[in-house]
Amino acid sequence: AAVAIEEIAKHVPAECFYIRFGRFNNYLWFDNFQEEYGGDLSSMVTLRAFQVPMAERGEKQLGLEKNALADLFGEAAIVDVALIGRDTFLEEGAAIGILFQARNELLDNDLRQQQKRAQAAFAERGAKLEKVKIAGHDVEFLSTPDNRLRSFHAADGPFHLVTTSRAIVERFYQAGAGERSLADSAEFLSARAKFPGERKDTVFAFFSPQFFEGLLTPQYQVELHRRMYSIIDMELFQMAQLAARNERLPEDVDSLIAAG
């Protein structure tokens, strides 16, 4: 009972990984680090040179952007920020989200403006911004038919979640109401007892037992297989197009299949 827990953790589902930055400037540092080292969490440890543009891809799918205003006024609008998610397979399209604790209305206004700019940028791909009902709350959903843009914006008081996953939105509201939140788990309380928030770490990462157990559930394994096969299909299509181009054959799908 004596362990101090940050407010933002009370809105995180227990089955999500949790990477908390405390201050928005720490998040900007991490974001710049991802650009330099390819967006792979393991790169932060090993400092490998291989780069994959995962961070940029994730931001585009969420409809978020990094602008000069964020560098200048982020601290004035945001109290706390954390990266949460059900898996870390960013290259295959992870179920992830960014959770903000707002200081004032500046953040909400900025997120709405970013949504509108993302919708305009993806207009040719059929981008649509609509309101959907999730867990009894109105949530803004920005998407394209191919899911290259897939972004839910959910708000619960000063807490704003931008995520690719409808299921995470549902659990975000449940956690905020006290149902299976990370802050209530014994494992998280134990971790915070050993690594209290007073340390003011630049990054605090916590991967709960529930997170790892979730990856092993039948439904999540089915989802990961679906993602893997989708990625393989797209890569095979690109390879077939290159082969057809080399042989000066038509590159549409039916012609590729007919040519074997």
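Each residue is numbered by its place in its chain's sequence as written, counting from 1. Confidence filtering applies because this is a predicted model: local features only for residues at pLDDT of at least 70, side-chain atom pairs given and counted only at 80 or more, and all residues used for totals across whole chains, interfaces and linings. Note: side-chain values were computed over all heavy atoms of the structure, leaving out hydrogens and water.

Regarding the overall build of the protein chain
Across its full length, the protein chain holds ten helices and eight strands. Residue exposure (1.4 Å probe, protein chains only): buried if accessible area is under 20% of the type maximum, exposed if over 50%, otherwise partly exposed. Counting all 260 residues of the protein chain, 42% fall into the buried class. By definition in these notes, contact holds between two residues if any of their heavy atoms fall within 4.5 Å. In the protein chain, of all internal contacts separated by at least 6 residues, the share reaching a separation of at least 24 is 62%. The numbering of helices and of strands both runs from the N terminus, where a helix is a DSSP run of H or I of at least 4 residues and a strand a run of E of at least 2.

Considering empty space enclosed by the protein
Using only the protein atoms, space was sampled on a 1 Å grid; points where a 1.4 Å probe fits but cannot get out form cavities, open sets with protein on both sides within 12 Å along at least five of seven lines form pockets, and lining residues are those with an atom within 4 Å of a point. Grid points are joined across faces, edges and corners, and a volume is the space filled by probe spheres set on the points. For the structure on display, the rule yields two cavities of 30 Å³ or more. The calculated volume of the second largest cavity comes to roughly 40 Å³. When contributions to the lining of the second largest cavity are tallied by element, the ones reaching two or more residues are α5 (106–121) and β6 (150–156). Its residues placed into classes, the lining of the second largest cavity shows four nonpolar, four polar and no charged. Each residue is assigned to one of three groups, with Ala, Val, Leu, Ile, Met, Phe, Trp, Tyr, Cys and Pro labelled nonpolar, Asp, Glu, Lys and Arg labelled charged, and all others, Gly among them, labelled polar.

What about the pairing of strand β2 (residues 78–85)?
With seven of its eight residues buried, β2 lies for the most part within the structure. One ladder, built from four bridges, connects strand β1 (residues 17–20) with β2; its direction is antiparallel. Residue Tyr18 lies in a different strand from β2, and its bridge partner there is Ile84. Here, any two strands with at least 2 DSSP bridges between them count as paired. Sheet analysis places β2 next to strand β3 (residues 96–102), joined by seven bridges and oriented antiparallel. The residue bridging Ile84 from the neighbouring strand is Gly97, located in β3.

A few points about the pattern of salt bridges
Put simply, a salt bridge is a Lys or Arg side-chain nitrogen that is within 4 Å of an Asp or Glu carboxyl oxygen. Summed over all chains, the structure comprises 17 salt bridges. Among the ionic pairs, Glu140 bridges to Arg112, the shortest N-O distance being 2.3 Å. With Glu140 in strand β5 (residues 137–143) and Arg112 in helix α5, this residue pair connects regions lying 28 residues apart in the sequence. Given a relative accessible area of 33%, Arg112 falls into the partly exposed group. Lys133 is paired through a salt bridge with Asp138; the nearest N and O atoms lie 3.1 Å apart. Using a relative accessible area of 49% as the deciding quantity, one classes Asp138 as partly exposed. Here the salt bridges do not stand alone but share partners, grouping Asp87, Glu223, Arg226 and Arg227 into one network.

Thoughts on the confidence of the model for the protein chain
For every residue, the predictor reports its confidence as pLDDT, a number between 0 and 100. Confidence along the protein chain averages 85 in pLDDT terms, with 82% of residues attaining 70 or more. Overall, residues 44–54 carries pLDDT values under 50, and its contacts beyond four positions in sequence, including any with other chains, amount to 21 contacts.

Examining the side chain of Gln115
Mapping Gln115 onto the fold places it in helix α5. Residue classification places Gln115 among the buried positions, given a relative accessible area of 5%.

Regarding the nonpolar core
Among the nonpolar cores identified, the biggest contains 49 residues, and Tyr18, Val139, Val169 and Phe188 are the most heavily contacted of them. Setting aside its immediate chain neighbours within four residues, Val169 contacts Ile134, Val139, Phe152, Ala154, Leu161 and Thr163. The term nonpolar core refers to a set of buried residues drawn from Ala, Val, Leu, Ile, Met, Phe, Trp, Tyr and Cys, joined through side-chain atoms within 4.5 Å. Membership of the second largest hydrophobic core comes to five residues, among which are Ala118, Ala127, Leu142 and Leu149.

A few points about the sheet that holds strand β7 (residues 159–163)
On the basis of which strands lie adjacent, the open sheet formed by eight strands has the order β4-β5-β6-β7-β3-β2-β1-β8 and antiparallel pairing. Both edges of this open sheet fall to β4 (128–134) and β8 (204–206), since each of them pairs with a single strand only. Across the sheet, the mean angle separating the axes of adjacent strands is 20 degrees when strand polarity is ignored. The strands touched by α5 are β2, β3, β4, β5, β6 and β7; relative to β5, the strand with the most contacts, the crossing angle is about 35 degrees. Axis lines are fitted to C-alpha atoms, over the contacting stretch for helices. Their N-to-C directions set the angle, which ranges from 0 to 180 degrees. Packing of helix α7 (residues 186–194) onto the sheet brings it into contact with β1 and β8, and relative to β8 it is tilted by some 150 degrees.

Considering unusual backbone geometry
We note that Ala135 has phi near 55 degrees; this positive angle belongs to a residue other than glycine. Following the sequence through the fold, Ala135 ends up in the loop between β4 and β5. Exposure remark for Ala135: the relative accessible area of 46% places this residue in the partly exposed category. Despite not being glycine, Asn147 shows a phi value in the positive range, around 65 degrees.

What about α7?
Within α7 the residues assigned to the buried category are Phe188, Ala191 and Arg192. End-on view of α7: buried residues confined to an arc of 95 degrees, all on one side of the axis. More than 90 degrees from the buried face of α7, the exposed residues found are Ala186, Ala193 and Lys194. In this structure, the buried residues of α7 make contact with β1 and β8. Note that the arc is defined by the directions from the helix axis to the C-beta atoms.

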